[in-house]
Amino acid sequence: MPNRVTIDEKLCKGCGVCVAACPKQVLFLNREKFNAKGYNPSCMGKIDDCTACCVCGLVCPDCAIKVEKE
Amino acid sequence: MAQRLLMKGNEAVAEAAIRAGCRHFYGYPITPQTEVAAYMSKRMPKVGGLFLQAESEIGAINMVMGSAAAGKRTMTSSSSPGISLKTEGISFLAGSDLPAVILNIQRAGPGLGGIQPSQADYNQAVKAAGHGDFKMLVFTPATVQEMCDCVFTVFDLTDKYRMPGMLLCDGLLGQMMEPVVFPEPVEGLPAKPWAVNGHRNARPGNLVNSLYLHPEALEARVRERFEMYKTIEETETQAECFMTEDAEIVVVAYGACARIARSAVTAAREAGIKAGLFRPITVWPYPKRELTGAAKTAKAVLTVEMSMGQMVEDVRAALEYKKPVEFFGRTGGVVPTPAGVLGEITRMAKGEWL
Amino acid sequence: MKVVYDKPGFLRGLPFTYCSGCTHGVIHKLVAESITELGLEGRVIGVAPVGCAVMCQSFFACDMIQAAHGRAPAVATGLIRAVPDGVVFTYQGDGDLAAIGTAETIHAAGRGENIVIIFVNNAIYGMTGGQMAPTTLTGQVTQTSPYGRQTDTAGYPIKVCEMLATMEGVSYAERVSVHRAPEIRKAKKAIKKAFEYQSSGRGFSIVEVLSTCPTNWGLTPVEALDWLADNLIPHFPLGVYKDKFAGEAK
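Note that this is a predicted model, so its numbers are computed, not measured.

Reading the values: the criteria
Residues numbered from 1 in each chain as written. Chains lettered and ligands numbered in written order. Predicted model: local features only at pLDDT ≥ 70, side-chain atom pairs only at ≥ 80, totals over all residues. Heavy atoms only, no water. Helix = DSSP H or I, 4+ residues; strand = E, 2+ residues; numbered from the N terminus. Buried < 20%, exposed > 50% of the residue type's maximum accessible area, 1.4 Å probe, protein only. Lys, Arg positive; Asp, Glu negative; His and termini not counted. Charge placed at Lys NZ, Arg CZ, Asp CG, Glu CD. Phe/Tyr/Trp six-rings, centres within 6.5 Å; stacked < 30°, edge-to-face > 60°. Lys NZ or Arg CZ within 6 Å of the ring centre and 35° of its normal. pLDDT = per-residue confidence, 0-100. Salt bridge = Lys/Arg side-chain N within 4 Å of Asp/Glu carboxyl O. Contact = heavy atoms within 4.5 Å. Buried area = accessible area lost by both parts, 1.4 Å probe. Polar contact = N/O pair within 3.5 Å; in protein donor to acceptor, adjacent residues only side chain to side chain. Nonpolar A, V, L, I, M, F, W, Y, C, P; charged D, E, K, R; others polar. Pairing = 2+ DSSP bridges. Right-handed = clockwise from strand over helix to strand, strands pointing away. Axes fitted to C-alpha atoms, helices over the stretch in contact; angles between N-to-C directions. Parallel < 35°, antiparallel > 145°, perpendicular 65-115°, else oblique. Left-handed = near helix turned anticlockwise from the far one by under 90°. Domains from an automatic or database assignment.

1. A look at the overall build of chain A
Okay, step 1: For chain A, the helix and strand inventory stands at 2 helices and 4 strands.
Okay, step 2: Order of helices (α) and strands (β) in chain A, N terminus to C terminus: β-α-β-β-α-β.
Okay, step 3: Seen through its principal axes, chain A has C-alpha atoms that stretch 30 × 20 × 20 Å.
Okay, step 4: Relative to its full complement of 70 residues, chain A shows a buried share of 53%.
Okay, step 5: Taken as two groups, the 10 positive and 8 negative side-chain charges of chain A have centres that lie 4 Å from each other.

Rendered as structure tokens:
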């Protein structure tokens, strides 16, 4: 099982900070999806590139990100 | 027999607070109440308590809020201008349902005013001790002994109702020396499970707060307090009557003014005038019932204050404007004399006021 | 699979009320992690300010009290004096601490009160819609400095850490930032150290945290992080301004 980033879409405000911070550009804002507040939540894209470095979780201002490592 | 001590009002009230269980006092120098702070700075360390001199009266009242929120009996004292600085804090105490005692040794105002005694903060204390709909217990003792007794009562009632309470005195009472017998020190204080003192992983976190962003929630909370205030108005009023049973002229006065009015009433009686004195000891809750009783036989009422007339409005309202209520007062720090009050009583007795 | 990063339980799991990208949330997390890692939850009493962060009174799973604008250090004084073994901290913005609360801050520092102050400096009043604050930069445009902050009428930005570091009562004063991951890690160390000092009775600590306000700076969250780096840090240099116990064993 590869490393996994889980984004709590209820909490994500689509600020894009994790997307910009991820050293491997794994995350992206899903323009097709909206959460209850109308934000495009962040989503995991290139799953295999995630190194579970936790930068996304660290910079997330809404504690919406959980990172799991193999 | 408990010891009788000759003490200055400011110091006696400080000692009484300590005996009433106060161990956190936050002060700031201002004439004519500075001795309260000075006394506390000497005594508190001896009883394992805290005297802390704040950077301002604003700092002091907010430190009171902290210690009160932590569940302690806590007090601050000041004089008129300093009390004005504390009014935001007093509103926060009321809005956060916190018990605390505030002592106001009034001096003449407005502005820097003067340092002589005054009663011109009555409206501030009783009507608007801060912004928003709330009440504050306000006691008006007239002797050094009564100042001490009232401290015990105010601490008990502020804890009981979780609200701020004030001792509204004046420079005369603060500076005079009189014999006093202190009640026994309080043993054991009421538990305060609502306090914020660390949940110690034994209970959920407590919150002390006055912010309600939803109007309905805030209104509901304010209405609950006003139900409580109604109970207090029905059950906690205190007043003293002196020769009012058959009085045709009833003088209404509190604090130092009541002592002066008492002499005038005695002199009037000697001159054959049926005068009497009604002395509120609580001005919130105002003793409306007791005043109505005291003024039963009165043809006219005379209110005497060290101001341009503030309590007089409450006297008129309490009597529902059914009796003529005259006013006699000095302000600016001028203290009325018994002769001055007697002159008014005599004039009224001759019916010249019609 | 092992969870290597997650939301601290100390934050009650509530959604934050802050604007998208506002780094208040990051600072809340660092405070929560520090308290949890030091096992202090049961002793903590937090003082919430007036400003955006007043909402933190609902986010931390400890005893909290909401103070009048600027008065948090005085309320904290009353708390720590009443609960000497308490872990008392205030969480304040720059309007709260460096404008109306200046006297309370300076005198709590002067007395060396055993408290932690988390001072969030985003160079603007957030809650009320972006007015000039004491930390607003010279020339910075805000709702109340529409032509840029003018020194003749609005003076100069107040450097709180530098000011308080001159006071004997201060044990620890450091300015950190939360605009990049490495800086967030350093900010966490500083905040944790402040709580360590406080919980072992070592006096007054203040951690000034440079933070963003995308909404009122008129920038996207990511642009705001860059603006902080390029503009705030030069005027508010990061670093330790005082540390009485530097190098001592814990």
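2. Structural notes on the packing of aromatic side chains
Okay, step 1: Within this structure, the stated rule accounts for 13 aromatic pairs over all chains.
Okay, step 2: Judged by centre distance (5.8 Å) and plane angle (75°), the rings of tyrosine 18 of chain C and phenylalanine 59 of chain C are edge-to-face. In this pair, tyrosine 18 of chain C is assigned in the loop between β1 (2–5) and α1 (24–37) and phenylalanine 59 of chain C in helix α2 (residues 56–59), connecting sequence segments 41 residues apart. There is no split in this pair, since tyrosine 18 of chain C and phenylalanine 59 of chain C are both buried.
Okay, step 3: The ring of phenylalanine 242 of chain B is capped by arginine 262 of chain B, whose NZ or CZ atom sits 4.4 Å from the centre of that ring.

3. As for the confidence of the model for chain B
Okay, step 1: Across chain B, the average pLDDT comes to 97, with 99% of residues at 70 or higher.
Okay, step 2: Of the two predicted TM-score estimates for the complex, the pTM is 0.96 and the ipTM is 0.95.

4. Some thoughts on unusual backbone geometry
Most peptide bonds adopt trans geometry, and most residues besides glycine take a negative phi value.
All names here are of chain B.
Okay, step 1: Across the junction of threonine 31 and proline 32, the peptide omega takes the value 5°, indicating a cis bond.
Okay, step 2: With a phi angle near 55°, asparagine 201 is a residue other than glycine that sits in the positive phi range.
Okay, step 3: Note that asparagine 201 resides in the loop between β8 (177–181) and β9 (207–208).
Okay, step 4: Classification of asparagine 201 as exposed rests on a relative accessible area of 59%.
Okay, step 5: The phi angle at tyrosine 321 is positive, at roughly 60°, despite the residue not being glycine.
Okay, step 6: Position of tyrosine 321 among the secondary structure elements: in the loop between α11 (311–318) and β15 (325–329).

5. Considering the pattern of salt bridges
All names here are of chain B.
Okay, step 1: Applying the stated rule across the entire model yields 46 salt bridges over all chains.
Okay, step 2: One salt bridge connects arginine 221 with glutamate 224, and the closest N-O pair in it is separated by 2.6 Å. With a gap of 3 residues between them, arginine 221 and glutamate 224 both fall in helix α8 (residues 215–235), about one helical turn apart.
Okay, step 3: When its relative accessible area of 48% is taken as the criterion, glutamate 224 is described as partly exposed.

6. Digging into the interface of chain B and chain C
Okay, step 1: The interface of chain B with chain C comprises 35 residues on the first partner and 32 residues on the second.
Okay, step 2: Taken over both partners, the interface formed by chain B and chain C buries close to 2,500 Å², and the fraction arising from carbon and sulfur atoms is 58%.
Okay, step 3: Of all residues in chain B, Glu55, Asn62 and Arg200 of chain B give up the largest surface area on contact with chain C, accounting jointly for 21% of the area buried on that side.
Okay, step 4: There are 4 salt bridges connecting chain B and chain C.
Okay, step 5: With a closest N to O distance of 2.6 Å, aspartate 63 of chain C and arginine 203 of chain B form a salt bridge.
Okay, step 6: There are 17 residue pairs in polar contact (both at pLDDT 80 or more) connecting chain B and chain C.
Okay, step 7: Counting residues per element, the side of chain B that touches chain C draws most heavily on helix α3 (residues 57–69) of chain B, at 8 residues.
Okay, step 8: In terms of residue class, the side of chain B that touches chain C is made up of 16 nonpolar, 14 polar and 5 charged.
Okay, step 9: Relative to strand β3 (residues 63–66) of chain C, β9 of chain B runs parallel, the two sharing 2 bridges.

7. Some points on the pairing of strand β7 (residues 164–170) of chain B
All names here are of chain B.
Okay, step 1: The element β7 is largely enclosed, with a buried count of 7 among its 7 residues.
Okay, step 2: The alternating pattern of β7 places Pro164, Met166, Leu168 and Asp170 and Gly165, Leu167 and Cys169 on opposite faces, both of which are buried.
Okay, step 3: Two strands pair when backbone bridges link them, and strand β5 (residues 100–106) and β7 are joined in this way by 7 bridges, in the parallel orientation. Paired with leucine 103 across the two strands is leucine 167, which belongs to β7.
Okay, step 4: Here strand β6 (residues 137–139) pairs with β7 via 3 bridges, running parallel. Bridge assignment links phenylalanine 139 to a residue of β7, and that residue is leucine 167.
Okay, step 5: For the crossover that starts at β6, traverses helix α6 (residues 144–161) and ends in the parallel β7, the hand is right-handed.

8. Regarding the packing of helix α1 (residues 9–19) of chain B against helix α2 (residues 34–43) of chain B
The relative placement of two packed helices comes down to the angle between their axes together with the axis-to-axis distance.
All names here are of chain B.
Okay, step 1: Interaxial distance between α1 and α2 falls to 8 Å at its minimum, and their mutual angle equals 45°. Judged by the angle between their axes, α1 and α2 are oblique. Once α1 is placed against α2, the crossing between them reads as right-handed. Together, Asn10, Glu11, Val13, Ala14, Glu15, Ala17 and Ile18 of α1 and Glu35, Val36, Tyr39, Met40 and Arg43 of α2 make up the contact between the two elements.
Okay, step 2: Per-class residue counts for the contact of α1 with α2 are 7 nonpolar, 1 polar and 4 charged.

9. Topic: the side chain of aspartate 121 of chain B
All names here are of chain B.
Okay, step 1: Mapped onto the elements, aspartate 121 comes out in the loop between β5 and α5 (122–127).
Okay, step 2: A polar contact of 3.1 Å, which involves the side chain of aspartate 121, links it to the side chain of asparagine 104.
Okay, step 3: If sequence neighbours within four positions are ignored, aspartate 121 has contacts with Ser80, Asn104, Gln106 and Gln310.

10. Focus on the domain arrangement of chain B
Note: interface size is frequently given as the accessible area lost on complex formation between the parts.
All names here are of chain B.
Okay, step 1: Domain boundaries in chain B define domain 1 (5–190 + 208–235) and domain 2 (239–349).
Okay, step 2: Here domain 1 and domain 2 have C-alpha centroids that lie 26 Å from each other.
Okay, step 3: Taken residue by residue, the interface counts 34 residues in domain 1 and 24 residues in domain 2.
Okay, step 4: Both faces considered, domain 1 and domain 2 share a buried interface measuring about 2,400 Å² in area, 54% of it formed by carbon and sulfur atoms.
Okay, step 5: A per-residue breakdown of the area domain 1 buries against domain 2 is headed by Gln119, Tyr122 and Thr140, which together make up 31% of the total.
Okay, step 6: Here domain 1 and domain 2 share 3 salt bridges between them.
Okay, step 7: One salt bridge connects glutamate 178 with arginine 259, and the closest N-O pair in it is separated by 2.4 Å.
Okay, step 8: Between domain 1 and domain 2 we count 15 residue pairs in polar contact (both at pLDDT 80 or more) in total.
Okay, step 9: At the level of secondary structure, the elements contributing two or more residues to the side of domain 1 that touches domain 2 comprise α5, β6, α6, β7, α7 (171–175) and α8.
Okay, step 10: Looking at side-chain class alone, the side of domain 1 that touches domain 2 contains 19 nonpolar, 7 polar and 8 charged residues.

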